[in-house]
Amino acid sequence: MSSKEFTWNRKHLIGLRELSREEIEYIFDTAQGFEQMSTRSVKKAPTLRGKVVVNLFFEDSTRTRNSFTLAANRLSADVIEFTQKSSSVNKGETLLDTAKNLEAMGIDIVVIRHSAGGAPKFLSRNINACVVNAGDGFCEHPTQGLLDTFTIRKIKGSLEGLKIAIVGDIAHSRVARSDIYAMTKLGAEVILVGPPTLMPAKINQLPVQVSYSLDSVIGQVDVINMLRIQFERMGANPFPSIKEYSHYFGLTVERMKKAKKDILVMHPGPINRGVEIESEVADGANSVILQQVTNGLAVRMAVLFLVNQAAMTKET
Ligand code: CP
């Protein structure tokens, strides 16, 4: 089926696990339209005029929050910026009461980031507004998965037959999960690389290969996505020292000598320079890290546009 014939009917974006290849490609086709708009002198469209988007962030963010804010602004929506640190959550208010009170002000789309896996799904079942997951616990970060996959498709033309390594802290990474779902649905082969202590339980349920040696994988792959070690989500250290981790799993200039000449180097950010990636590689010729951020804007505009369109269709 051509994605042109496809009708989007989801008013929530909770994860990429439940999305079909056609749905992912439809988001990409929509994002391409918004990309073209961003090259015009007038970068705004009236698509969401009169709509209210709330960024409901219970965890820190630079890229995702600001990208959603700019995406909503470009579509002419009003945006409410909620931050837990300065909210009545600190007086004991629950997530649902918080969302229902914001909904009473007339919001249309909630973009939520929360440390609890399942929080976006829970909200989608209990409020009327559209819900977009901006990262929940270890579960999913769907717009990151979309923008990563969109970036690869844009540069390589297609993901069909590509080999992609996702390296590092897979166990705590919602990005890894969303990447795996999107990239494999579009035809790529994904290899997870890292120490056994940073691999998730039930890894055999994911459509991936696993390697514990970056040196044996790096020469085979077309794309390498380096993940940050999420110390904030861990109890004990999963390896003896950061130096040792970097020695075996860091993307260094030396290790890049074994890579394909046209390998794409990706990172969702924030980067811990000198831990999972050396600065010379993060800022080097193969790096598409900032292109990922740029592409995130068009992808998030597409997501906000599509969920709102589905909500309006359901109302009629
Ligand atoms: N990639 C990502 O989610 O970055 P932020 O935490 O800055 O939003």
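Preceding this paragraph is the structure being described.
Residues numbered from 1 in each chain as written. Predicted model: local features only at pLDDT ≥ 70, side-chain atom pairs only at ≥ 80, totals over all residues. Heavy atoms only, no water.

Looking at this model, I keep getting lost on the packing of aromatic side chains. Mind explaining?
The relative placement of two aromatic rings is captured by the distance of their centres and the angle of their planes. The final tally for this structure, using the stated rule, is 5 aromatic pairs. Look at F6 and Y26: their rings are 5.4 Å apart centre to centre, the planes differ by 55°, and that puts the pair in the tilted class. Here F6 is found in the segment before α1 (21-38), whereas its partner Y26 is found in helix α1, with 20 residues between them in sequence. On the basis of relative accessible area, F6 is assigned to the buried category, the value being 14%. Exposure remark for Y26: the relative accessible area of 18% places this residue in the buried category. (Phe/Tyr/Trp six-rings, centres within 6.5 Å; stacked < 30°, edge-to-face > 60°. Helix = DSSP H or I, 4+ residues; strand = E, 2+ residues; numbered from the N terminus. Buried < 20%, exposed > 50% of the residue type's maximum accessible area, 1.4 Å probe, protein only.)

Would you mind showing me how to read the nonpolar core here?
In summary, soluble globular proteins display a tendency toward joint burial of nonpolar side chains. Of all hydrophobic cores here, the largest spans 66 residues; its most connected members are I109, V111, L146, I166, L192 and L304. Shared between two domains, this core takes at least three residues from each, and those domains are domain 1 (3-138 + 294-315) and domain 2 (142-292). Sequence-distant contacts of V111, defined by excluding residues within four places in its chain, comprise V53, V54, N55, L56, F57, F68, V132, A134 and L304. Among the nonpolar cores identified, the runner-up in size contains 26 residues, and I191, M234, F239 and F249 belong to it. (Core = buried A, V, L, I, M, F, W, Y, C linked by side-chain atoms within 4.5 Å. Domains from an automatic or database assignment. Contact = heavy atoms within 4.5 Å.)

What is the right way to read the sheet that holds strand β2 (residues 78-83) from this model?
Sheet strands pair by backbone hydrogen bonding; their relative direction is either parallel or antiparallel. What the 4 strands build is an open sheet, ordered β2-β1-β3-β4; its pairing is parallel. A strand with exactly one partner marks an edge of an open sheet, and here the two such strands are β2 and β4 (130-136). Across the sheet, the mean angle from the axis of one strand to that of its neighbour is 15°, orientation sign disregarded. Sheet analysis places strand β3 (residues 109-114) next to β4, joined by 5 bridges and oriented parallel. When the sheet's bridge partners are listed, H114 is paired in β4 with D136. Sheet contacts for helix α2 (residues 63-74): β1 (52-57), β2, β3 and β4; angle to β2, the most-contacted strand, approximately 160°. (Pairing = 2+ DSSP bridges. Axes fitted to C-alpha atoms, helices over the stretch in contact; angles between N-to-C directions.)

Any chance you could explain the site of the ligand here in plain terms?
Inspection of the region around the ligand gives S61, T62, R63, T64, R113, H141, Q144, P268 and G269 as its neighbouring residues. Here an oxygen atom of the ligand and a side-chain polar atom of H141 are 2.9 Å apart. In isolation the ligand has 260 Å² of accessible area, and contact with the protein removes 92% of it. When the residues that make up the shell around the ligand are grouped by side-chain class, the tally is 1 nonpolar, 6 polar and 2 charged. Built from parts of two domains, the shell around the ligand gets at least three residues from each of domain 1 (3-138 + 294-315) and domain 2 (142-292). (Near = heavy atom within 4 Å. Polar contact = N/O pair within 3.5 Å; in protein donor to acceptor, adjacent residues only side chain to side chain. Areas by Shrake-Rupley, 256 points an atom, 1.4 Å probe, with all protein chains shown as cover. Nonpolar A, V, L, I, M, F, W, Y, C, P; charged D, E, K, R; others polar.)

Just checking my understanding: could you explain the packing of α1 against helix α11 (residues 289-315) for this structure?
How two helices sit against one another is set out by the angle between their axes and by the gap between those axes. Running from N to C, α1 and α11 point in directions that differ by 115°, and their axes come no closer than 8 Å. In this structure, the crossing between α1 and α11 has a hand that is right-handed. Residue-level contacts link Y26, I27, T30, A31, F34, E35 and M37 of α1 to N295, A298, V299, M301, A302, V303, F305 and L306 of α11. (Left-handed = near helix turned anticlockwise from the far one by under 90°.)

Honestly, unusual backbone geometry in this entry has me stumped. Any pointers?
Note: most residues except glycine have negative phi, and most peptide bonds are trans. Across the junction of G269 and P270, the peptide omega takes the value -5°, indicating a cis bond. In this structure, P270 sits in the loop between β9 (264-266) and α10 (279-282). For S76, which is not glycine, the phi torsion reads 70° and is therefore positive. Here S76 shows up in the loop between α2 and β2. According to the relative accessible area criterion, S76 is buried, its value standing at 19%. Non-glycine residue K202 carries a positive phi angle of around 60°. Note that K202 resides in the loop between β6 (189-193) and β7 (209-211). According to the relative accessible area criterion, K202 is exposed, its value standing at 60%.

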